[in-house]
Amino acid sequence: MLQNTASLGVFWLFVGFRRGKLAFYKNLNASASATFTNVAFCDASKNPGSVPDERFYAGLVDAFATWLRH
């Protein structure tokens, strides 16, 4: 589904909080069989409350901005 939506202009951003099972999303582009230009991962750390707001929101916005430039 992620790859199929790339041509539709859909951007997916996965945010990891604490210790989740999001390694799959974090490592999507490590796959040799596919590249996901419309998918990004933002790691909010094991303690999201300790992440300064500016850094958290920059992680979200920067990933989206990078995708828009493609």
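Scroll up for the structure.
Residues numbered from 1 in each chain as written. Predicted model: local features only at pLDDT ≥ 70, side-chain atom pairs only at ≥ 80, totals over all residues. Heavy atoms only, no water.

Colleague: Help me understand the overall build of the protein chain in this model?
Modeller: Counting its regular elements, the protein chain contains two helices and two strands. Along the chain direction, N to C, the helices and strands of the protein chain fall in the order β-α-β-α. Looking at the 70 residues of the protein chain, the share that counts as buried comes to 26%. Summarising the internal contacts of the protein chain: among those between residues at least 6 apart in sequence, 66% fall at separations of at least 24. Surface accessibility of the protein chain: about 5,200 Å² in total, with carbon and sulfur atoms responsible for 55%. (Helix = DSSP H or I, 4+ residues; strand = E, 2+ residues; numbered from the N terminus. Buried < 20%, exposed > 50% of the residue type's maximum accessible area, 1.4 Å probe, protein only. Contact = heavy atoms within 4.5 Å. Areas by Shrake-Rupley, 256 points an atom, 1.4 Å probe, with all protein chains shown as cover.)

Colleague: What is the right way to read helix H2 (residues 53-68) from this model?
Modeller: Each turn of an α-helix holds 3.6 residues, which means side chains three or four residues apart point in the same direction. For H2, built from 16 residues, the straight-helix expectation of 22 Å at 1.5 Å per residue is met to within 8% by its first-to-last C-alpha distance of 23 Å. Those residues of H2 that sit buried are Phe56, Leu60, Ala63 and Trp67. Of the surrounding elements, those touching the buried residues of H2 are strand E1 (12-16) and strand E2 (39-43). (Expected span 1.5 Å × (residues − 1).)

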